[in-house]
Amino acid sequence: MKSLELARIAFFALIVITLLALVQTVAYGEEAAESNAEVPRASGEKESKALTIGSDRAAGSESTTYPSYSKVLEGADTTSGLLKVHQKDTKLYLELSSSNLNKDYLVLISIARGMGETPLIGGMTWSMGDDWLWQFRHVDDRIQIVRRNVRFKATKGSPEEEAVKLAYTDSVLFSLPIATKSSSGAYVVDLSPVLMSDLPQISQVLRGFMFSRDKSTWASVKGFEDNMEIEVAATYSSNGTREFDTVADSRGVSINIHYSISRLPSTGYKPRVADDRVGYFVTALKDFSKNTGHDRFLRYVNRWDLQKADSSAELSPPKKPIIFWIEKTVPFKYRKPIREGILEWNKAFEKAGFANAIEVRQQPDNADWEPEDVNYNTFRWITSSAGFAMGPSRVNPTTGQILDADIIFDADFLQYWQMEYDTYTPDSPVESDGVYPRGGVRQSAQELLMPHLHRSHPLACDQCRGLAGQFAFGAILFEAEGGENAKANLNRMILQGLKETVMHEVGHTLGLRHNFKASSYLTLEEIADPEKTAKTGLAASVMDYLPVNYAAKDEPQGDYFSQTIGPYDYWVIEYGYKPFSSGETDALKKIASRCTEPALAYATDSDVRGYDPDPLVNRFDLGKDPIAYAQHRTKIINNLFDNLVDRMTKEGEGYQQVRRAFNILLSMKGSAMYFASRFIGGLYAHRDHRGDPDGRAPFVVVEPEKQREALTLLEKEVFAPDAYDFPPELYNHLAPSKWNHWGVEHLPRADYPIHEIILSWQDDILSQLLSSTTLDRLLDSELKVPAGDDAFTTAELLERLTGSIFQETENLKGGKFTNRKPAISSLRRSLQRRYLERLASLAMGNTSAPDDCQAVAYLELESLEAKIRRVLSGKVQLDTYTKAHLTESAERIRKVLEARFQLTRP
């Protein structure tokens, strides 16, 4: 019995073991199948034997029977080139031979025809992050379209490569069923689900709209040896609740999307290592085989592949020049300054060893190629009413080699300012002048318009937008000036500004970043000398944003805008493009070490935000000393307010131009004061490396006398009782446009919101001066200066601000005032309330400012309360407004002091 029981147990155990073996075999087979399939590989991944076996199986061993090749493609129009495609009705079939599989293709997307609304504008480059590298991979009975992950790499065959392979993957975007096979074994798939879709994710910008496949068509399909150009007339549908002035019916918005698929060129291109002292856009890769230094990043400058035709010659033409085509849509009168602006860069390339590195050609009127074609670099002229320019380029994301570039120039930038200043509101200072001081953070126009795309548009450029305001300012100056030469000077200013903008945008297409410190190169006196600026420009680089250089009365007038590239531009091109037969690493370090020279100072977008420390880094300032520039610009502006109505209107005209002019002048003055405000709590920032000749510390505290000079200017031009004292009759002539139709913006108030707008400019400066960042930096700077040396302190700042803004509490010692002639004007009362709010918030600890600043604010409130109560109890006969204002202010201060006492006592 016992033996029978044992036998039974053994029998069941055998069954269990057999079942387990079967399960393991099945699991192993599934695992092997997965490992044999072609899976996405990180950059540099070595193909395993299993992958090779899988590729062999996928290449022709599948047992699937496909429909007839001739039947599937019957009646299709075939286009040959880099890839073979067959267009049949609504389908676009892609034929892939074995040589097309597992190869990298660069995929570029652009808007060929837009809807007249930013960012959906014809000519706009469209991408998400790095430029796309695609591969077509055969997996079982499907073709996968895979976007390669190129950011991470390691040396082939190294253990680090295996670690990268395990940590990072590519992205499978599509898995397409194989429709048929050719007699040669090529796979045919329907590409329609890929391109006839919202692949660019335009619906994320066009909120409430969905891609409509049944309303979309193939606009064009063209094939070339090295590229395919496919354009989709894409329609996006909505319920029609949103309206656009530029669209007939929002239930169907059509946008032409251009796809360029190209082979990465094999030219022996050698990437060039970037240096943080020299301003290039970079391609950054993380190399896990890199064991030197403190990080694993490889950073390559973005640049064109320029190679000398004669490598032994000191000056040689390139084997393949950079060719720009001026689009046939560019008006004739602008083609000359555009051509000159593009070719100006040849001066820098000559110094780097290249003769005629850049060529300019005119697109023929009968040209049958599209500007989106990857084979053509174009200067595009668009009409979108957006007032901007861009110089985007497309880059090999593994090397930094620039492959294609298209400069987009909006024709309406000359007129854009009119609408902008017609619709000026208290919030407009944030967006209208190219400075954006409010809140301490300055965003680009492109970032505001398409924040989710901003990371993918590093070339987003606001120069043209800000330049529109500068043109508007110049137009006002010329109108006010009058005389026979006014019109000629205005035209000269526009053409000079156009050329400078072209040079700027071309610089971007060559790989150059903004340099917002270049304007600090020359003094205002040097800038007024046209002989000097003919050699250097108005700044050290055209990659800065420069204002119109307008001379005050009785001063010599120089160029209005730079007409040539500057010394920094020569230097940066030398670093990026000069060929070296040997010793490149040491030669580049030597070039970069010249960064300490005044003409080669560099700071870019990440250095010009409101909370960044260096006051010499600004958009649209001019000259070595921004305070001197602010004083000069304000002197010109203040003289224009008088007789503004007579200067800006002619017999029979409306008064809209007066309102525009008034807004522009306020904007320009506010910008100038913002430049001065950045000196307070400022630090001069340098990019010098240790060992650079005449090297400086990374940060140097701004001299206390410069900080006091800046505050003195602000006290006079922003916080003084007469800082915004305009003739009363002027306010009644600030009329808006009276037109009422599409394309015209409407204001919430027809009359001018005087108090709100003036206070908005004053509050911008207060925001900068009293921000936690400024106060933190001021307090920290006291430790950075030797104890025996002079320093500008937070205590001095708050004491002077209180004394300036509430100076009436010192001056009102007698007299009689009325409601029509108040002791403190309404504009002053508004400013004092706002300052009191900020001071109270600081004292209550409602900001992140240092505790010492809170304590000083408490002391200032105590002192201010005492002054106010002395005025209220004195002999002066106050008007109702002033008495009510001071009484309320004193009570508010008392409540804040008591509340803080309650909060801070044990």
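Cut-off values and rules
- Residues numbered from 1 in each chain as written.
- Predicted model: local features only at pLDDT ≥ 70, side-chain atom pairs only at ≥ 80, totals over all residues.
- Heavy atoms only, no water.
- Helix = DSSP H or I, 4+ residues; strand = E, 2+ residues; numbered from the N terminus.
- Contact = heavy atoms within 4.5 Å.
- Areas by Shrake-Rupley, 256 points an atom, 1.4 Å probe, with all protein chains shown as cover.
- Pairing = 2+ DSSP bridges.
- Salt bridge = Lys/Arg side-chain N within 4 Å of Asp/Glu carboxyl O.
- Buried < 20%, exposed > 50% of the residue type's maximum accessible area, 1.4 Å probe, protein only.
- Core = buried A, V, L, I, M, F, W, Y, C linked by side-chain atoms within 4.5 Å.
- Axes fitted to C-alpha atoms, helices over the stretch in contact; angles between N-to-C directions.
- Parallel < 35°, antiparallel > 145°, perpendicular 65-115°, else oblique.
- Left-handed = near helix turned anticlockwise from the far one by under 90°.
- Nonpolar A, V, L, I, M, F, W, Y, C, P; charged D, E, K, R; others polar.
- pLDDT = per-residue confidence, 0-100.
- Expected span 1.5 Å × (residues − 1).
- Polar contact = N/O pair within 3.5 Å; in protein donor to acceptor, adjacent residues only side chain to side chain.
- Phe/Tyr/Trp six-rings, centres within 6.5 Å; stacked < 30°, edge-to-face > 60°.
- Lys NZ or Arg CZ within 6 Å of the ring centre and 35° of its normal.

A. Representation of the overall build of the chain within the structure. When helices and strands are counted, the chain shows 27 helices and 23 strands. Taking contacts inside the chain between residues at least 6 apart in sequence as the whole, the part at least 24 apart equals 72%. When the accessible surface of the chain is split by element, carbon and sulfur atoms take 51% of a total near 40,500 Å².

B. Layout of the side chain of Thr-536. Tracing the chain through its elements places Thr-536 in helix α13 (residues 530-536). Excluding residues within four positions of it along the chain, Thr-536 makes contact with Tyr-521, Leu-522, Thr-564, Ile-565, Gly-566 and Pro-567.

C. How the structure looks around unusual backbone geometry. The backbone phi angle of Asp-89 is positive, close to 55 degrees, even though this residue is not glycine. Along the polypeptide, Asp-89 turns up in the loop between β2 (84-88) and β3 (91-96).

D. Structural context of the sheet that holds strand β14 (residues 282-287). Read from one edge of the open sheet, 3 strands run β8-β14-β15, paired in mixed fashion. A strand with exactly one partner marks an edge of an open sheet, and here the two such strands are β8 (152-153) and β15 (297-301). With 2 bridges connecting them, β8 and β14 associate as parallel partners. The residue bridging Lys-153 from the neighbouring strand is Asp-287, located in β14.

E. Expanded view of the pattern of salt bridges. All chains considered together, the criterion is met by 47 salt bridges. Among the ionic pairs, Asp-612 bridges to Arg-609, the shortest N-O distance being 2.9 Å. Judged by its relative accessible area of 10%, Asp-612 falls in the buried class. Between Glu-888 and Arg-892 there is a salt bridge, and its shortest N-O distance comes to 3.3 Å. Highlighted residues: Glu-888 and Arg-892, both in helix α27 (residues 880-904), separated by 4 residues, approximately one helical turn.

F. Looking closely at the environment of Tyr-858. One can find Tyr-858 in helix α26 (residues 851-872). Taking the C-alpha atoms as reference points, Tyr-858 and Ile-893, separated by 35 residues in sequence, lie 9.4 Å from one another.

G. Quick look at the nonpolar core. By size, the foremost hydrophobic cluster in this structure holds 116 residues, and its most contacted members are Ile-338, Trp-345, Phe-349, Leu-510, Ile-573 and Phe-719. In contact with Trp-345, other than residues within four places in its own chain, are Ile-358, Met-503, Val-506, Gly-507, Leu-510, Leu-512, Val-542, Met-543, Ile-565, Asp-569 and Ile-573. Core analysis: the second largest hydrophobic core is formed by 54 residues, Ile-109, Leu-120, Phe-136 and Val-205 among them.

H. Seen up close, the packing of helix α18 (residues 656-677) against helix α19 (residues 704-717). The contact between α18 and α19 brings their axes to 9 Å, and the two run at 150 degrees. It follows that α18 is roughly antiparallel to α19 by the angle criterion. Seen along the crossing, α18 lies across α19 with a hand that is left-handed. Residues Lys-669, Met-673, Ala-676 and Ser-677 of α18 form the contact with α19, whose participating residues are Ala-710, Leu-713, Leu-714 and Glu-717. Taken together, the residues of the contact of α18 with α19 sort by class into 5 nonpolar, 1 polar and 2 charged.

I. The confidence of the model for the chain, seen in detail. Mean pLDDT over the chain stands at 86; residues scoring 70 or higher make up 85%. Taken together, the stretch residues 9-61 has pLDDT below 50 and engages in 58 contacts with residues farther than four places along the chain or on a different chain. Of the regions scoring below 50 in pLDDT, residues 416-459 engages in 133 contacts with residues more than four places distant in sequence or in other chains.

J. Molecular detail of the pairing of strand β6 (residues 132-139). The element β6 is largely enclosed, with a buried count of 8 among its 8 residues. Along β6, one buried face is formed by Trp-132, Trp-134, Phe-136 and His-138 and the opposite face, lined by Leu-133, Gln-135, Arg-137 and Val-139, is buried too. Taken together, the 3 bridges between strand β4 (residues 105-113) and β6 define a ladder with antiparallel strand orientation. By the bridge assignment for β6, Leu-106 is matched with Leu-133. Inspection of the sheet shows β6 paired to strand β7 (residues 142-147) by 6 bridges, in the antiparallel sense. Each residue of the ladder has a partner; that of Trp-134, found in β7, is Arg-147. Connecting the antiparallel pair β6 and β7 is a turn made up of 2 residues, with Asp-140 showing a positive phi of about 55 degrees.

K. Here's a closer look at helix α16 (residues 626-641). Taking 1.5 Å per residue as the helical rise, α16 with its 16 residues ought to reach 22 Å, and the 23 Å between its terminal C-alpha atoms agrees with that figure. Those residues of α16 not exposed but buried are Pro-626, Ile-627, Tyr-629, Ala-630, His-632, Arg-633, Thr-634, Ile-636, Ile-637, Leu-640 and Phe-641. The N-capping residue of α16, defined by a side-chain oxygen 3.0 Å from the backbone nitrogen of Ile-627, is Asp-625.

L. Broad picture of the packing of α19 against helix α23 (residues 794-805). Running from N to C, α19 and α23 cross one another at 20 degrees; their axes reach a closest spacing of 11 Å. The orientation of α19 relative to α23 falls into the category roughly parallel. The two elements α19 and α23 meet at a crossing, and its hand is right-handed. In contact with Arg-708, Leu-711, Thr-712 and Glu-715 of α19, α23 contributes Glu-796, Leu-797, Arg-800, Leu-801 and Ser-804. Residue composition of the contact of α19 with α23, grouped by class: 3 nonpolar, 2 polar and 4 charged.

M. Region of interest: the side chain of Gln-768. Positionally, Gln-768 belongs in helix α21 (residues 754-769). Owing to a relative accessible area of 7%, Gln-768 belongs among the buried residues under this scheme. For Gln-768, the side chain forms a polar contact with the main-chain oxygen of Gly-610, separated by 3.4 Å. Setting aside residues up to four positions removed in sequence, Gln-768 forms contacts with Gly-610, Tyr-674, Ser-677, Arg-678 and Thr-774.

N. Representation of the packing of aromatic side chains within the structure. Enumeration according to the criterion identifies 31 aromatic pairs in this entry. With a centroid separation of 6.1 Å and an interplanar angle of 15 degrees, the aromatic rings of Tyr-568 and Tyr-602 are classed as stacked. Separated by 34 residues along the polypeptide, Tyr-568 in helix α14 (residues 567-577) and Tyr-602 in the loop between α15 (584-592) and α16 bring together distant segments of the chain. You can call Tyr-602 buried: its relative accessible area is 10%. Positioned above the aromatic ring of Tyr-724, the side-chain terminus of Lys-669 is 4.5 Å from the ring centre.

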